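Next come the chains, spelled out residue by residue.
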Amino acid sequence: MVHSVAMLALDGVVGFDLGVPPQVFGAARDAGNGFLYSVTTCGDGPGPVRPERGGFHVVPDHDLGPLATADTVLVPGVSGGSTMTDGRVSPAVAEALRAAHARGARIISICTGASVLAAAGLLDGRTAASHWAWAKRLRRLYPRVDWDFDVLFVDDGDVLTSAGVAAGVDLCLHVIRQDHGSLVANQAARRCVVAPWRDGGQAQYIEQPVPAAVGAGTEPTRAWALSRLAEQVSLEQLAGHARMSVRTFTRRFRDETGLSPRQWLLQQRVAHARLLLESTDLSVDLVARRSGLGSATALRQHLQAAIGVPPSAYRRTFRQT
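Keep in mind that what you see is a predicted model, and the values were worked out from it rather than measured. (Residues numbered from 1 in each chain as written. Predicted model: local features only at pLDDT ≥ 70, side-chain atom pairs only at ≥ 80, totals over all residues. Heavy atoms only, no water.)

Draft legend 1. Representation of the overall build of the protein chain within the structure. Looking only at helices and strands, the protein chain has 14 helices and 8 strands in total. Over its C-alpha atoms the protein chain spans a radius of gyration of 21 Å, differing by no more than 12% from the 20 Å that the globule rule assigns to 321 residues. For the protein chain, the spread of C-alpha atoms along the three principal axes comes to 60 × 45 × 35 Å. Here the protein chain holds 321 residues, and the buried ones make up 49% of them. For the protein chain, the accessible surface area stands at approximately 15600 Å², while carbon and sulfur atoms represent 52% of it. Computed over 33 positive and 29 negative side-chain charges, the separation of the two mean positions in the protein chain equals 7 Å. (Helix = DSSP H or I, 4+ residues; strand = E, 2+ residues; numbered from the N terminus. Rg over C-alpha atoms; globule rule 2.2 N^0.38 Å. Buried < 20%, exposed > 50% of the residue type's maximum accessible area, 1.4 Å probe, protein only. Areas by Shrake-Rupley, 256 points an atom, 1.4 Å probe, with all protein chains shown as cover. Lys, Arg positive; Asp, Glu negative; His and termini not counted. Charge placed at Lys NZ, Arg CZ, Asp CG, Glu CD.)

The structure is reproduced here in structure tokens:
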């Protein structure tokens, strides 16, 4: 069954947010290369929609009708509309969103699309994410929402919200991972040439100065390390591969990733262990060794710290899905 996604484009829509869902969901395929999702674009009325910037218009193929039957309803970011200025949304949009939620549709927003959900009352009493730059305004307009501007996305079950721009990619991949597992999500990420996984709890990049690029950077060494996760690669080996001193490599690595080499390696090993738990029948001991975490005890400790569940429960959840 192809999962239907109805995307609601309102005046002031953020162009990037509007383009991400069809691209990412369209990259999710089954074993026969068949599409797993269909994405339909809807508008509040028959006319064109003007994006926030870019000098072009978008003409949705549909009115609000598909929101009544879609499996998932998705609201991209908006800029300058009534939901971002005085906390109002058109009655027709509010009614369509509330009806979709009431019948059990999954509701998603990207960036300031959360303001549309909040104006419709769907975020009252919930934790929700949005772009950190709008924190003050959104808290003032929607005080009943428990805003979290420090994370990439929030999965609150039937309502999911994300921070801005690239965090929308992360949320779409997270949805694919939840629906179809890591193998499909990782393949979709490869088709889109994006990182396959960034956990929703990862901090947003908030006004972090970007250093001037000098030399080749650490990306080739990161790729080299990813192919050797099962090995105990030392900091000296990493720096040697990058042809830098340990001190220079460590500084450059943190500038480029926001993490120390050891923190980054641990994060990648836990991510690889999760993939193995989801997609293989390997024992917990073997998963720990192949991901470079060493022992089942270490894997349990790190997985518990990262996502709050032991390996057996994590595997069982995905097998049930």
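Draft legend 2. Region of the structure containing the side chain of Ser109. In this structure, Ser109 sits in strand S4 (residues 106-109). Here Ser109 is in contact with Val75, Ala114, Leu117, Leu160, Thr161, Ser162 and Leu171, once residues within four sequence places are set aside. (Contact = heavy atoms within 4.5 Å.)

Draft legend 3. Representation of unusual backbone geometry. A positive phi angle is found at Asn33, which is not glycine, with a value near 70°. Position of Asn33 relative to the elements: it lies in the loop between helix H1 (15-26) and strand S2 (37-43). In this structure, Val193 takes a positive phi of about 55° despite not being glycine. Residue placement: Val193 occurs in the loop between helix H7 (182-192) and helix H8 (219-226).

Draft legend 4. Focus on the packing of aromatic side chains. Scanning all chains against the criterion turns up 4 aromatic pairs. These aromatic residues form a ring-pair network of at least three members: Phe249, Phe253 and Trp264. (Phe/Tyr/Trp six-rings, centres within 6.5 Å; stacked < 30°, edge-to-face > 60°.)

Draft legend 5. Structural detail: helix H10 (residues 246-257). The end-to-end C-alpha distance of H10 is 16 Å, a good match for the 16 Å that 12 residues give at a rise of 1.5 Å each. Among the residues of H10, those classed as buried are Phe249, Arg252, Phe253 and Thr257. The arc enclosing the buried residues of H10, seen along the axis, measures out at 110°, which places them on a common side. The inward-facing, buried residues of H10 abut H8, helix H9 (235-242) and helix H11 (261-279). (Expected span 1.5 Å × (residues − 1). Arc of directions from axis to C-beta.)

Draft legend 6. How the structure looks around the state of the cysteines. Taken as a whole and assessed by the stated rule, the structure comprises 0 disulfides. Cysteine Cys111 is unpaired, with the sulfur of Cys172 as its nearest cysteine sulfur at 13 Å. Owing to a relative accessible area of 7%, Cys111 belongs among the buried residues under this scheme. Cys192 forms no disulfide, and the closest cysteine sulfur to it belongs to Cys172, at a distance of 9.2 Å. (Disulfide = S-S within 2.5 Å.)

Draft legend 7. The pairing of strand S1 (residues 3-9), seen in detail. Across the 7 residues of S1, 6 count as buried, placing the element largely inside the fold. Direction of pairing for S1 relative to S2: parallel, over a ladder of 7 bridges. What sits directly across from Val5, in S2, is Val39. The handedness of the S1 to S2 crossover, carried by H1, is right-handed. Judged from the 3 bridges that link them, S1 and strand S3 (residues 72-75) form a sheet pairing that is parallel. When the bridges of S3 are listed, Ala6 appears paired with Val73. (Pairing = 2+ DSSP bridges. Right-handed = clockwise from strand over helix to strand, strands pointing away.)

Draft legend 8. Spotlight on the packing of H1 against helix H6 (residues 166-180). The interhelical angle for the contact between H1 and H6, taken along N-to-C directions, is 30°, at an axis separation of 9 Å. With respect to H6, the element H1 is oriented roughly parallel. Between H1 and H6 lies a crossing of right-handed hand. From H1, Phe16, Val20, Pro21, Val24 and Phe25 reach across to H6, where they touch Ala166, Gly168, Val169, Cys172, Leu173, Val175 and Ile176. (Axes fitted to C-alpha atoms, helices over the stretch in contact; angles between N-to-C directions. Parallel < 35°, antiparallel > 145°, perpendicular 65-115°, else oblique. Left-handed = near helix turned anticlockwise from the far one by under 90°.)

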